[in-house]
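Remarks on the overall topology
Chain by chain, the residues run as shown.
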Amino acid sequence: MATSFANVIQLVPPALVVTVLVYALYAFFTKYMSPAKKLAITLLWIRDTVNTMRNSEPHIRQAGLNKIFKNTFLEENWKEFSRTLHEHKFVDTDGTVKVRHRSTVPVSCFFTASAIIDKPLKVQYFKHLPGILTGVGIIGTFAGLLFGLSNFDATTPDSINRSVGLLLSGVRDAFYASAFAITASMVVTHLEKLSYQRCLNNLEELNSLVGKMFDSGVIEEYLATLANQNISNEIKRFGDQLNESLKELNKTMNLNSRNYAETLCKDLGKAMQDSNDRLANQIENSLVRQVRNPLESFTDIVSKNVQTKGGSTNSSQKEIIKKIILANKESSDAPMTREEV
């Protein structure tokens, strides 16, 4: 009974090793090999489709590539690359103006292996899976040895024979599991490298074909055309800015002129009003002095005559003199208005 139980215990480490290996292989084939195969097929299809446009007109290549990459996993990478394309206009042989695009950045900077292959396939994990499987096999071997040594009984010759038999059987099973793990790790390494290299080759061919669709590099003619376009754009922009500045300046000058004219009119009106007031006062004072002095002299003469001939004058003459004196006083006391002057 004890021997049968010990045999069951000896089978635990190899069984665990085999279970881990089977699960790892299942995950490898379902989460790496199958997606890698689909990715390689998709890259191959896109490459062949792009290859059909090599003989097309340069000015329609970008539109065609937009349709090819649309609704694929490379759509975002293509959009980023298409933003770096420089639009260049040229005159065709028939006199029509057409547009072609020149690449300013290599396409491999956007269609990278790390973004298209490594990240979707989780290459960094499955790259180390063979080492993990080898380590599991080694751990299973040592576990089998430990279980065999822990059940070794050296008290009697019979127990020694049984223990040696159990130990050898446990070591045998552990070595079988370790060999299976090492073989599995070698197979995983081979398949992983093969699938990765297939995807990488398809991606490099795709990058090469897309790069050939557009002119690259810098030539003197292109630089001259680009410089002329930049100069024309700068002149146009400078003219627009100058027109805007002149409009603002003209508007400001008109507003300032209007305000200055209004202020000048107000100042001139006020100065003329003050001058007229001063002139009226001077004329009024001059007239008053010229009229008052003769009236006062006449009044004095009349008063003296009245005093000297007081007895011979009658009552009617006295009334006339009083009226003249009263009128003289009223004219001298009341100020003359501007209309009277």
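Here the structure is a predicted model, which means the values were calculated and not measured. (Residues numbered from 1 in each chain as written. Predicted model: local features only at pLDDT ≥ 70, side-chain atom pairs only at ≥ 80, totals over all residues. Heavy atoms only, no water.)

1. Some thoughts on helix α5 (residues 113–121)
For α5, the full list of buried residues reads Ile116, Ile117, Asp118 and Leu121. Seen end-on, α5 carries its buried residues on one side only, within an arc spanning 155 degrees. Phi turns positive one or two residues past the end of α5, at lysine 122, with a value near 55 degrees. (Buried < 20%, exposed > 50% of the residue type's maximum accessible area, 1.4 Å probe, protein only. Helix = DSSP H or I, 4+ residues; strand = E, 2+ residues; numbered from the N terminus. Arc of directions from axis to C-beta.)

2. Some thoughts on the packing of helix α3 (residues 61–69) against helix α4 (residues 75–82)
Between α3 and α4, the shortest axis-to-axis distance is 9 Å and the interhelical angle comes to 160 degrees. By the angle class used here, α3 and α4 are roughly antiparallel. Judged by the twist between their axes, the crossing of α3 over α4 is left-handed. Residue-level inspection shows Gln62, Leu65, Asn66 and Phe69 of α3 in contact with α4, the latter providing Glu75, Trp78 and Ser82. For the contact of α3 with α4, the per-class residue count stands at three nonpolar, three polar and one charged. (Axes fitted to C-alpha atoms, helices over the stretch in contact; angles between N-to-C directions. Parallel < 35°, antiparallel > 145°, perpendicular 65-115°, else oblique. Left-handed = near helix turned anticlockwise from the far one by under 90°. Contact = heavy atoms within 4.5 Å. Nonpolar A, V, L, I, M, F, W, Y, C, P; charged D, E, K, R; others polar.)

3. Quick notes on α3
Every buried residue belonging to α3 is among Arg61, Gln62, Gly64, Leu65, Ile68 and Phe69, and all of these are buried. The buried side chains of α3 occupy one side of the element, clustering within an arc of 160 degrees when seen end-on. Taken from the residues just after α3, asparagine 71 is the one with a positive phi, measuring 65 degrees.

4. Focus on the pattern of salt bridges
What the rule picks out here adds up to four salt bridges. Glutamate 205 serves as the salt-bridge partner of arginine 47, at 1.9 Å between the closest nitrogen and oxygen. Linking arginine 47 in helix α2 (residues 12–51) with glutamate 205 in helix α8 (residues 157–212), this pair joins segments that are 158 residues apart in sequence. A relative accessible area of 36% places glutamate 205 in the partly exposed class. In this structure, glutamate 192 engages lysine 193 in a salt bridge whose closest nitrogen and oxygen atoms are separated by 3.7 Å. A relative accessible area of 2% places glutamate 192 in the buried class. Look at the salt bridges and you will find they share partners, linking Arg47, Asp48 and Glu205 into a network. (Salt bridge = Lys/Arg side-chain N within 4 Å of Asp/Glu carboxyl O.)

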